[in-house]
Amino acid sequence: MQVFKHILDIQAFIGDAKLLNKKIGFVPTMGALHEGHLSLIERASKECDIVIMSIFINPTQFNNQEDFDKYPRTLAQDLELLKSVPCDVVFTPTVTEMYENPLLEVAPLNIGYLDTVLEGSRRPGHYAGVVMIVEKLLKAVSPDAIYMGLKDYQQVKVIDHLIKTKELPIQLVGCHTLREPNGVAMSSRNMRLSAAGKETAGQIYKALSYIRENKGSISPNELCVMAIHQFLPKPPFEMEYLEIRHAHDLSGLESDQWQEDIDYVVLIAAWLEGVRLIDNLEL
Ligand code: AMP
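Residues numbered from 1 in each chain as written. Predicted model: local features only at pLDDT ≥ 70, side-chain atom pairs only at ≥ 80, totals over all residues. Heavy atoms only, no water.

**Brief notes about the overall build of the protein**
- On a plain count of helices and strands, the protein comes out with 10 helices and nine strands.
- Taking 283 residues into account, the globule formula puts the C-alpha radius of gyration at 19 Å, and the protein, at 19 Å, falls close to it.
- Viewed in the frame of its principal axes, the protein has a C-alpha envelope of about 55 × 40 × 35 Å.
- Within the span of the protein, comprising 283 residues, buried residues form 52% of the whole.
- Partitioning the contacts of the protein with sequence separation of at least 6, the portion at a separation of at least 24 is 73%.
- Of the roughly 13,300 Å² of accessible surface on the protein, 52% is carried by carbon and sulfur atoms.
- Both charge centroids of the protein, one from 27 positive and one from 38 negative side chains, sit 2 Å from each other. (Helix = DSSP H or I, 4+ residues; strand = E, 2+ residues; numbered from the N terminus. Rg over C-alpha atoms; globule rule 2.2 N^0.38 Å. Buried < 20%, exposed > 50% of the residue type's maximum accessible area, 1.4 Å probe, protein only. Contact = heavy atoms within 4.5 Å. Areas by Shrake-Rupley, 256 points an atom, 1.4 Å probe, with all protein chains shown as cover. Lys, Arg positive; Asp, Glu negative; His and termini not counted. Charge placed at Lys NZ, Arg CZ, Asp CG, Glu CD.)

What follows is the structure, encoded as structure tokens:
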């Protein structure tokens, strides 16, 4: 496994790989790696010849300075963990390298509707930061495919919008969410929960599963109210949203009724022990 810090170094490596017609798979992360991240590498390695992971904590996507300051930074441990999976290259640029190198200049993207709902409306500027850094990383790495977790469902939709709008010749692969045995979606933020908090967080998956199991029998709004009442009491939970939306574009439901032949997704953001947790389940 090779580690590159500089754009010119990784581009030289990639240039050689492209001459040999190698398919390049790319997994962008912010580090503090867990099995969920590793599963993206595993998937990419099955479909590509060379797998590149980036580890970069992107300051512009944090709309809250405290969240940025508290974000776990565990690079040495991450590099150790990556030895257990088929990762060929790790790209660990600095902020200066990503934001001041003219090679990676990109024009801002109008994110549109996706920036006005759910995570977009609660975290102003978050997706602008995400699309900016992902496009820069795609410029640095020029992959054939990018692998992203459906744990961040809306983010996958935003990157899909980026790729389509800018006509980037890159395949986007959305990968399923890895969970702890109690259902908690693996996340770097879970490190900030106490052992009891990690157990309690399992209630989130129970609430989502309850909605999936009862879809159709009770109206969408009523089902959300019941799920919150049954599984996510305040305290310890502080709910930001629990919403059922159309899966393909995250638009809201026209009425409080289920319709045949429509794909739905339920999405949640909730606070527990001062940690903001997000999750979702396709229904
Ligand atoms: P992050 O480091 O949090 O920015 O995540 C990097 C990538 O890993 C994103 O595409 C996430 O959606 C994905 N990811 C995070 N948690 C999980 C998980 N539990 N299962 C699968 N993918 C995940």
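**Remarks on the site of the ligand**
- For the ligand, the set of nearby residues contains 16 residues, the closest of which are Met30, Gly149, Asp152, Leu178 and Met186.
- Met30 is positioned such that a nitrogen or oxygen atom in its backbone is 2.9 Å from an oxygen atom of the ligand.
- For the ligand, whose free accessible area comes to 480 Å², the fraction covered by protein is 92%.
- Put simply, the parts of the chain that give the shell around the ligand at least two residues each are β2 (24-29), α2 (35-47) and β5 (145-149). (Near = heavy atom within 4 Å. Polar contact = N/O pair within 3.5 Å; in protein donor to acceptor, adjacent residues only side chain to side chain.)

**Comments concerning the nonpolar core**
- Judged by nonpolar contacts, the single largest core of 45 residues is most densely connected at Ile10, Ile52, Phe91, Val134, Val141, Ile146 and Ile159.
- Counting residues per element, the ones that place at least two in this core are α1 (7-19), β2, β3 (50-55), β4 (89-91), α7 (126-141), β5, α8 (153-165) and β8 (264-272).
- Excluding its chain neighbours within four sequence positions, the residues that come into contact with Val134 are Ile146, Ile159 and Leu162. (Core = buried A, V, L, I, M, F, W, Y, C linked by side-chain atoms within 4.5 Å.)

**Considerations on the sheet that holds strand β9 (residues 275-282)**
- Taken in spatial order, the three strands make up an open sheet running β7-β8-β9, and their pairing is antiparallel. Each edge of the open sheet is held by one strand with a lone partner, namely β7 (238-246) and β9. Neighbouring strand axes in the sheet, compared pairwise and without regard to direction, differ in orientation by 10° on average.
- Strand direction decides the pairing type here: β8 and β9, joined by eight bridges, are antiparallel. Bridging across to β9, Val265 finds its partner in Glu282. (Pairing = 2+ DSSP bridges. Axes fitted to C-alpha atoms, helices over the stretch in contact; angles between N-to-C directions.)

**Quick word on the layout of surface pockets**
- By volume, the second largest pocket amounts to about 200 Å³.
- Taken together, 16 residues form the lining of the second largest pocket, with Ile55, Phe56, Ile57, Leu75 and Pro93 sitting closest to its centre.
- In terms of residue class, the lining of the second largest pocket is made up of nine nonpolar, four polar and three charged. (1 Å grid on protein atoms, 1.4 Å probe; cavity = no way out; pocket = protein on both sides within 12 Å on 5 of 7 lines; lining within 4 Å. Points joined across faces, edges and corners; volume = space filled by probe spheres on them. Nonpolar A, V, L, I, M, F, W, Y, C, P; charged D, E, K, R; others polar.)

**Thoughts on the environment of Ser251**
- Tracing the chain through its elements places Ser251 in the loop between β7 and β8.
- Using a relative accessible area of 18% as the deciding quantity, one classes Ser251 as buried.
- Separated by 138 residues in sequence, Ser251 and Tyr113 place their C-alpha atoms 8.6 Å apart.
- A polar atom in the side chain of Ser251 sits 2.8 Å from the side chain of Asp249.

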